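Structure at a glance
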Amino acid sequence: MIDLTGKTAVVFGLANKRSIAWGIAQKLHGAGATLAICYQNERMRAEAGDLIHELPGTSGFQCDVSNDAEIESLFAALKEKFGKLDILVHAVAFAPAEDLKGEFINTSREGFRIAHDVSVYSLIAVSRGAAPLMTAGGSIITLSYYAAEKVVPHYNVMALAKASLESAVRYLAWDLGPKNIRVNAISAGPIKTLAARGIGALGDMMKAHAERAPLHRNVDQLEVGGTALYLASDLASAVTGETIYVDCGYNIMGF
Ligand code: 0WE
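Residues numbered from 1 in each chain as written. Predicted model: local features only at pLDDT ≥ 70, side-chain atom pairs only at ≥ 80, totals over all residues. Heavy atoms only, no water.

**Section: the overall build of the protein**
The helix and strand tally for the protein stands at seven helices and seven strands. Going from N to C terminus, the protein has its helices and strands arranged as β-α-β-α-β-α-β-α-β-α-β-α-α-β. The C-alpha atoms of the protein give a radius of gyration of 17 Å, which matches the 18 Å a tight globule of 255 residues would have. Oriented by its inertia axes, the alpha-carbon framework of the protein measures out at about 45 × 40 × 40 Å. Scored against the burial criterion, the 255 residues of the protein give a buried share of 51%. A total accessible area of about 12500 Å² is found for the protein, and carbon and sulfur atoms account for 55% of it. Each charge class in the protein can be summarised by its mean position, and for the 23 positive and 26 negative side chains these summaries are 2 Å apart. (Helix = DSSP H or I, 4+ residues; strand = E, 2+ residues; numbered from the N terminus. Rg over C-alpha atoms; globule rule 2.2 N^0.38 Å. Buried < 20%, exposed > 50% of the residue type's maximum accessible area, 1.4 Å probe, protein only. Areas by Shrake-Rupley, 256 points an atom, 1.4 Å probe, with all protein chains shown as cover. Lys, Arg positive; Asp, Glu negative; His and termini not counted. Charge placed at Lys NZ, Arg CZ, Asp CG, Glu CD.)

**Considerations on the site of the ligand**
For the ligand, the set of nearby residues contains 13 residues, the closest of which are A95, L100, Y155, A195 and I199. When the free accessible area of the ligand is taken as 600 Å², the share hidden by the protein chains comes to 85%. Split by residue class, the shell around the ligand holds 12 nonpolar, one polar and no charged. (Near = heavy atom within 4 Å. Nonpolar A, V, L, I, M, F, W, Y, C, P; charged D, E, K, R; others polar.)

**Observations regarding the pairing of strand 1 (residues 8-12)**
For strand 1, the tally of buried residues reaches five of five residues, placing the bulk of the element in the interior. Of the two faces of strand 1, the one lined by T8, V10 and F12 and the one lined by A9 and V11 are each fully buried. Looking at chain direction, strand 1 and strand 2 (residues 34-39) are connected through five bridges and run parallel. From the neighbouring strand, A9 faces strand 2, where its bridge partner is L35. Remark: the strand 1/helix 1 (residues 20-30)/strand 2 crossover connection has right-handed handedness. Of the pairings in the sheet, the one linking strand 1 to strand 4 (residues 87-90) comprises four bridges and is parallel in character. Pairing of A9 across the sheet is with I87, part of strand 4. (Pairing = 2+ DSSP bridges. Right-handed = clockwise from strand over helix to strand, strands pointing away.)

**Brief notes about the environment of C63**
Looking at the element boundaries, C63 is found in the loop between strand 3 (59-62) and helix 3 (68-82). For the pair C63 and E42, spaced 21 residues apart in sequence, the C-alpha separation works out to 9.7 Å.

**A few points about the nonpolar core**
Within the largest apolar cluster, 45 residues are counted, with the highest numbers of intra-cluster contacts made by V10, F12, L74, F75, L78, L88 and I140. A per-element tally of this core places helix 5 (residues 156-176) first, with 10 residues. Other than its neighbours up to four places away in sequence, L88 contacts V10, F12, F75, V126, A130, M134, S139, I140 and I141. (Core = buried A, V, L, I, M, F, W, Y, C linked by side-chain atoms within 4.5 Å. Contact = heavy atoms within 4.5 Å.)

**Describing a positive patch on the surface**
On the surface, a cluster of positive charge is contributed by K17, R18, K192 and R197. Tracing the chain through its elements places K192 in the loop between strand 6 (181-188) and helix 6 (202-212). (Patch = residues over 30% accessible without salt bridge, like charges linked within 9 Å, V, L, I, M, F, W, Y side chains within 5 Å. Salt bridge = Lys/Arg side-chain N within 4 Å of Asp/Glu carboxyl O.)

**Some points on unusual backbone geometry**
Of note in the backbone geometry, N180 takes a positive phi value of approximately 60° without being a glycine. For N180, the position within the fold is in the loop between helix 5 and strand 6.

**Re the pattern of salt bridges**
Summed over all chains, the structure comprises six salt bridges. Of the charged contacts in the structure, one is a salt bridge between R113 and E110, with a shortest N-O distance of 3.0 Å. Here the residue R113 and the residue E110 both occupy positions in helix 4 (residues 109-130), the gap between them amounting to three residues, near one helical turn. For the salt bridge of R113 with D117, the shortest nitrogen-to-oxygen distance reads 3.9 Å. Within this pair, R113 and its partner D117 are both found in helix 4, separated by four residues, close to a single helical turn.

What follows is the structure in structure tokens.
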């Protein structure tokens, strides 16, 4: 059993019970970690608050990761509350809906900027905020997707953002290695979350995924949480800069 008693974790990207962030939060909490869960804005407060109450001892914070001032005051509050931080989970991505349909060639300059700002720069910004609090080393975990490497129709500008995110993971791993802070990405198979809903072909994609993957099924949020728990623990003490697939083996197939 992995024991995270005495460890503190901050989780970004909780929208509702289908969020990957929620699967990860449940696993970290189950292992004894003390959690701070962040929600983006006032609108998300109620739903996030209900979930936060399900994990005793967890505190909720409002923080929009596209806002430097909010990031700064969040980490000041975490320093005040916990003194130190051990684990950071970044489960945030956004591109304007218009840029996730139609042709990639029509990607707008503003859509490109927003996708990279919210989905990639935010990891750099929160890592910079967290690092000074990770005085006993740490583990930073973000979420990626296979389309970073191979074309997934309609994922479009988000694919470039995930490619950039995986590279940011390597550069952050290099910067933070001397402080014994590890940085890794989990590349999850497709999951029905709020972010994935409204994507027209998601049902078909998940069906194809389940047919082609060696395990012949889809992955769920708690399975992603299991790998996050491993990455957060000492079991992964020599693992940094990696992108680990949690996709029932889908990515290994050539045909
Ligand atoms: O990373 C994601 C979802 C990211 C996402 C989703 C949305 C929908 C609503 C980012 N921004 C937005 N903006 C919105 O307005 N996934 C891995 C899930 C996903 O999204 C897809 C997929 C899959 C799988 C989009 C197109 C094709 C496949």
